[in-house]
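# Architecture and fold: a report
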Amino acid sequence: MNRFDFKGVSTEDLAQSKLIEAAFEGFTRHGYVILDNVVPPETIRALHVEFFQNYKDQIRDQEAADSLEVGARRFMIPLRFSGGLGAPGIFANPYVLALVRTILDKEAIIDAFGAILSLSGAEDQHIHHDGPILFSSEISRLLPAYALTFGLPLIEMNELSGTTAVWPGSHRRGKHEDQEPLRPVIPVGSCMLWDYRTFHSGTPNRSDQVRPMVYATYARRWYQDPVNFRKETLQRLVFEPDFLTDLPDDLRPLFAHARSAG
């Protein structure tokens, strides 16, 4: 399986590390990669508590102005850049960001930030890729990635709670029908990234609890997701005006196109 363990790896000079280079090559070839041990498990457990304290009103089996139904008993909601969930260690995790900037470029932006909620009883999600093919020709599948999704589960993703099934190489082939997907177990503290062109699908949540997954869309500066934010009331990025002024200089490029949503 295309996964890499960062336990004990220093964050210094990550962009030049052999592990990031290998993860980049795996992502480019397979259209996805799993990074293990990028956030301490105790941090994820604290984020899980914070999530249910601050977003309990958005946990409902009904689309609202501030949510988007993305499958049976599955919803996408925005997250605020505040508290632990909006900390740089999450949206700009050094291991993830080093890989993102290698896959895209150093000027990559965050196009959207939120959570995907799989409620108890959620069924198989439809098989899809996150964005459209940009050009109507075979060469589109040979081009470098233009955007990718980062998924950080707040509970372990497994056969009981559900996971994200992925079809390796489908970003290049443009189809998924000729193979079985991978259904990886992703423990707390680990994450998965996949190319916007890669076919994937949420698997059933057979547990008795909600499965929240923090997500971010990273993209090249010229790209903006044209599919998931057609509803005007659904916000891509939510933060207070002083959030941008307080950002470290090296993280400001991530928000080059951002506007305060208040």
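Here, every reference points to the structure presented above.
Predicted, not measured: the structure shown is a model, and the values here were computed from it.

## Regarding the sheet that holds strand β2 (residues 32–36)
The strand order across the open sheet formed by 8 strands is β1-β2-β8-β6-β10-β5-β4-β3, and the pairing between neighbours is mixed. The open sheet has two free edges, formed respectively by β1 (3–5) and β3 (68–71), since each of these has just one partner strand. Each strand axis lies, on average, 25 degrees off the axis of its neighbour in the sheet, ignoring direction. Summarising the sheet, strand β6 (residues 147–153) and strand β8 (residues 191–195) pair through 4 bridges and their orientation is antiparallel. Looking across to β8, one finds that Gly 151 is bridged to Met 192. Lying over the sheet, helix α1 (residues 18–30) contacts β1, β2, β6 and β8, oriented at roughly 150 degrees with respect to β2. Sheet contacts for helix α2 (residues 41–54): β4 (74–78), β5 (109–118), β6 and β10 (211–219); angle to β10, the most-contacted strand, approximately 100 degrees.

## Describing the nonpolar core
It is characteristic of soluble globular proteins that their nonpolar side chains tend to be buried jointly. Among the nonpolar cores identified, the biggest contains 55 residues, and Leu 35, Phe 91, Leu 193, Tyr 218 and Phe 255 are the most heavily contacted of them. Among the elements that line this core, the one with the most residues is helix α4 (residues 94–103), at 7 residues. Residues contacting Leu 35, with those up to four places away along its chain left out, are Phe 4, Phe 6, Ala 23, Tyr 95, Val 96, Leu 99, Ser 190, Cys 191 and Leu 193. Within the second largest apolar cluster, 16 residues are counted, among which are Met 157, Met 192, Trp 194 and Leu 234.

## Focus: the pairing of β10
Summarising burial for β10: 9 of the 9 residues are buried, a large majority. What you see with β10 is no split at all: Arg 211, Met 213, Tyr 215, Thr 217 and Ala 219 on one side and Pro 212, Val 214, Ala 216 and Tyr 218 on the other are buried throughout. For β5 and β10, the ladder comprises 9 bridges, and the chain directions are antiparallel. Directly across from Gly 114, in β10, lies its bridge partner Tyr 215. Two strands pair when backbone bridges link them, and β6 and β10 are joined in this way by 7 bridges, in the antiparallel orientation. Across the sheet, Pro 153 pairs through a bridge with Met 213, a residue of β10.

## Some remarks on the side chain of Ser 190
Mapped onto the secondary structure, Ser 190 falls in the loop between α5 (170–173) and β8. Residue classification places Ser 190 among the buried residues on the basis of a relative accessible area of 1%. When sequence neighbours within four positions are dropped, the list of residues in contact with Ser 190 reads Leu 35, Asp 36, Asn 37, Leu 152 and Pro 153.

## Here we look at the environment of Gln 209
Looking at the secondary structure, you find Gln 209 in the loop between β9 (200–202) and β10. Sequence separation between Gln 209 and His 30 is 179 residues, and the spatial gap between their C-alpha atoms is 31 Å. Not counting chain neighbours up to four residues away, the residues in contact with Gln 209 comprise Ser 118, Ser 120 and Ile 155.

## A few points about a nonpolar patch on the surface
Together, Leu 134, Phe 135, Ile 139, Leu 142, Leu 143 and Trp 222 give the surface a local cluster of nonpolar side chains, amounting to about 630 Å² of exposed area. Mapping Leu 134 onto the fold places it in the loop between β5 and β6.

Parameters and conventions
- Residues numbered from 1 in each chain as written.
- Predicted model: local features only at pLDDT ≥ 70, side-chain atom pairs only at ≥ 80, totals over all residues.
- Heavy atoms only, no water.
- Pairing = 2+ DSSP bridges.
- Helix = DSSP H or I, 4+ residues; strand = E, 2+ residues; numbered from the N terminus.
- Axes fitted to C-alpha atoms, helices over the stretch in contact; angles between N-to-C directions.
- Contact = heavy atoms within 4.5 Å.
- Core = buried A, V, L, I, M, F, W, Y, C linked by side-chain atoms within 4.5 Å.
- Buried < 20%, exposed > 50% of the residue type's maximum accessible area, 1.4 Å probe, protein only.
- Patch = residues over 30% accessible without salt bridge, like charges linked within 9 Å, V, L, I, M, F, W, Y side chains within 5 Å.
- Areas by Shrake-Rupley, 256 points an atom, 1.4 Å probe, with all protein chains shown as cover.
- Salt bridge = Lys/Arg side-chain N within 4 Å of Asp/Glu carboxyl O.

Any functional reading would require information beyond the geometric quantities listed.
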